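# Report on the structure
Listed here are the chains, written in short residue letters.
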Amino acid sequence: MKQWTLPILLTIEMIVLVPYSGVRFESPSIFLTDFGFYLSDLCATAAPLLILSFGMTLVLMTAGIDLSIGSMVALIACILSLFDPGLSFWMLGIPCGFLLAIGLGWFNGWLIAGLDIPPIIATLGTLFFYRGLCEVVIGGRENISPAPVWLGDVYGSVPLAMTLTGLGGWYFYQSRWRREIQMLGGNRIAARYAGIPVQRRIYETYLLMGILALVAALCASARDGSVKASWQTGLELQVIVAVILGGTPVHGGSGTIRGSLIGVFIISVLELGLMGLGKSELKPLLLGFLLVTGVALNTHFQFSGSEGATHKE
Amino acid sequence: MNETNPSIPDTIWQHWNRRLSPLLRQRMTLLFIGNLILVGFIFYHTQQHEKASFLDELSRFSANVAPVTLAAIGLTGIIYAGSIDISVGSIIVVAGTVLGIFYEYQASALVCFAACFITAWSLSVLNGYLIRLLRLPAIIITLGGLAFYRGLALFLAQLSLQPFSGQISIQQEIYHTPGKQYASLILITVTITVILWEIFGKTPRYWLAFGCSENACRLRGVSTGVTQLSTFFVGGLFLGLASLVEITNRMTIEPARMLTGFELDVIGAVVLGGTNIFGGEGSFVGTILGSFFLYWSGQAIFYLGISEYWRTAIQGAIILAVIGFDCIIHKKQKQLDELR
């Protein structure tokens with residue numbers, strides 16, 4: 001398949017689902033107004049996913065996977081919700097959240113690189129472990145998020161997500177680091193013999209995932225306004241499906257951040273469409289189906305045309 | 001003359017011993033001792049508290065431990081052959097929802113039980129078939145299944161029951177028979193059958209051989225497709241029983257919320273029992289001891305007076321520690337395999 005397959009799929013999906021998402025076609029002006037609102041809603045919904053999908057693309061490129069990001073985002077947001085809004089949030093909350101994010105990412109990296117646990121098992125374990133910690137932190141309560149509202153709307157989260165993935169993607173495309181993690185994902189033994197510090201690179205990738213989880217937690221909690229222990233359950237699957245649909249193979253070695261970006265929008269359009277239809281319960285069903293279909297297409301037909309090259313944002 | 005005319009207990013013991021590596025024997029001994037210590041600890045605490053009774057604790061044991069144990073036995077066979085199924089929790093949710101739907105349509109108890117069992121079994125076989133058909137990593141297929149089956153359960157409930165309030169309540173006593181009355185019997189029967197099967201059966205050895213080397217099995221003339229599919233076929237039977245015991249022990253079925261984290265308990269029990277997560281080595285008896293250990297450690301946390309909120313985190317940490325320990329033990333072997 002060619003590189004334009006994904007944008008065409010996204011366009012078809014939008015044509016089918018936009019009428020159900022509150023966009024009216026009565027006149028051009030009404031359509032443009034509604035579509036503007038729809039796009040801003042879509043971008044704000046997609047922003048946290050976009051931030052996480054950047055990290056997940058790198059993780060999948062190392063032939064790893066991180067199932068714990070939903071719990072990680074929830075745990076960081078739960079800890080941040082213990083701080084008061086305003087100065088104490090910025091002076092104390094953010095540094096604490098940053099340290100926690102690094103700690104959580106490092107712990108995942110230690111389990112995978114240090115103890116050599118298969119990434120999917122290790123992060124399945126931390127998925128429940130971190131979720132258990134969420135319950136420990138806030139119990140059955142629902143706390144108000146101290147993150148400023150502007151961080152969650154289209155003027156805050158979208159520029160933040162675009163800057164992070166744009167600048168990050170540009171740096172990543174040019175860096176030696178990208179080639180090294182691609183190589184260790186493609187062939188770990190060859191990478192070790194080539195003198196690449198395999199363990200350190202894996203640690204770095206999961207650490208980065210932790211830091212991105214902090215940014216995503218800020219955006220998503222500011223958008224939702226409150227957090228509880230079961231917040232953002234199932235987020236990991238959305239991100240993984242987006243990245244896989246974007247053409248990053250699960251066996252590592254290649255991947256495209258541009259593909260992941262389109263994958264995120266495919267998922268977000270689907271989410272808004274299902275919400276408009278009042279069929280949100282179909283989301284896990286479709287995500288599971290898309291995951292298996294995406295991996296099968298990637299494996300057997302080189303769906304997105306990612307021939308081992310990583311494209312910049 | 002012992003060698004020419006071995007007595008029957010010796011033969012059974014030798015049969016079994018031949019199958020187990022020293023590391024596995026050591027793990028099983030440790031688990032056995034661990035279980036004894038935990039039971040002793042709980043016995044001591046129940047004697048200290050006036051309201052607690054050790055007999056009550058034992059009477060609850062079978063019904064609570066049977067679902068994880070049965071599902072873990074099924075998963076052990078699947079892991080023997082180098083696959084994995086992380087959608088077991090979601091499959092049980094679908095099976096439970098099907099049982100609930102049949103109940104709401106006033107089907108007889110036997111029909112409900114059969115529907116529950118067949119649903120779980122057929123979804124497990126479907127997983128195995130998809131893994132063979134699509135030639136994709138088992139973990140990815142079943143990760144998709146984890147979400148898909150839970151969504152399917154919700155979809156089925158909303159399609160068949162209108163209005164659907166999010167839960168199906170089962171009040172009649174007869175629909176709780178397998179979980180509340182026969183859990184001990186099912187558990188004991190399955191345990192004895194599985195132990196005998198492990199000692200004398202050929203199929204588990206084929207699965208272990210398949211887990212060690214698929215190529216070697218193919219060269220030996222073993223049908224790899226049938227072998228891999230048979231793990232899911234047999235695993236599905238155990239999962240069907242697990243679904244039956246788990247669902248009929250509940251008063252309400254909540255497709256969206258119930259059994260989250262069940263798969264980690266099951267994987268934890270298997271790995272704790274000494275089965276290598278990469279396949280090719282393991283024991284059903286170890287799995288049974290592992291699931292008992294997990295249950296008793298959960299109860300010990302309760303008797304220590306630790307808050308309910310800490311439970312998930314502590315049990316998650318215990319399972320992670322065990323899996324980590326297992327991976328450290330196998331790390332050197334894995335690196336040597338990589339270099340071959």
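What this report covers is the structure whose coordinates are included nearby. Everything numeric here is computed off the predicted structure, so don't read it as measured data. (Residues numbered from 1 in each chain as written. Chains lettered and ligands numbered in written order. Predicted model: local features only at pLDDT ≥ 70, side-chain atom pairs only at ≥ 80, totals over all residues.)

### Here's the deal with the overall build of chain B
Defined as follows: Put simply, DSSP marks the helices as runs of H or I at least four residues long and the strands as runs of E at least two long, and each gets a number from the N terminus on. The globule rule used for comparison is 2.2 Å times the number of residues to the exponent 0.38, while the radius of gyration itself is calculated over C-alpha atoms. Burial is judged by counting other C-beta atoms within 10 Å of a residue's own C-beta: 20 or more means buried, 12 or fewer means exposed, and anything between counts as partly exposed, with every C-beta placed from the backbone.
Of the regular secondary structure elements, chain B holds 14 helices and two strands. Computed over its C-alpha atoms, the radius of gyration of chain B comes to 21 Å, within 12% of the 20 Å expected for a compact globule of 340 residues. Counting only C-alpha atoms, chain B reaches 65 × 55 × 40 Å along its principal axes. Per-residue burial for chain B yields a buried fraction of 46% across its 340 residues.

### Considerations on the interface of chain A and chain B
Rule in force here: Here contacts are defined at the residue level, using C-beta atoms placed from the backbone and a cut-off of 7 Å between them. In this classification, the charged set is Asp, Glu, Lys and Arg, the nonpolar set is Ala, Val, Leu, Ile, Met, Phe, Trp, Tyr, Cys and Pro, and all remaining amino acids, among them Gly, are polar.
Across the boundary between the two partners, chain A contributes 33 residues, which contact 37 residues of chain B. Contributing elements (two or more residues each) for the side of chain A that touches chain B: helix H5 (119-138) and helix H12 (283-301) of chain A. Of the residues contributing to the side of chain A that touches chain B, the split by class is 23 nonpolar, five polar and five charged.

### What about the packing of helix H4 (residues 87-114) of chain A against helix H9 (residues 198-224) of chain A?
Residues and elements named next belong to chain A. Inclusion rule: For helices, the axis comes from a line fit to the C-alpha atoms of the stretch in contact; other axes are also lines fit to C-alpha atoms, and the angle between any two N-to-C directions lies between 0 and 180 degrees. For a crossing to be left-handed, the near helix must be turned anticlockwise from the far one by less than a right angle; the clockwise case is right-handed.
The N-to-C vectors of H4 and H9 enclose an angle of 145°; their axes lie 7 Å apart at closest approach. The way H4 lies across H9 gives a crossing that is right-handed. Mapping the contact onto sequence places Gly97, Phe98, Ala101, Ile102, Leu104, Gly105, Trp106, Asn108, Gly109, Ile112 and Ala113 in H4 and Gln199, Ile202, Tyr203, Tyr206, Leu207, Met209, Gly210, Ile211, Ala213 and Leu214 in H9. Of the residues in the contact of H4 with H9, the class split is 15 nonpolar, six polar and no charged.

### What to know about unusual backbone geometry
Residue and element names in this part refer to chain B. Here glutamine 162 and proline 163 are connected by a cis peptide whose omega angle stands at 0°. With phi around 60°, glutamine 106 is a residue other than glycine that occupies positive phi space. With respect to the secondary-structure elements, glutamine 106 resides in the loop between helix H4 (88-104) and helix H5 (109-134). With a phi angle near 55°, arginine 135 is a residue other than glycine that sits in the positive phi range. Checked against the element boundaries, arginine 135 lands in the loop between H5 and helix H6 (138-160).

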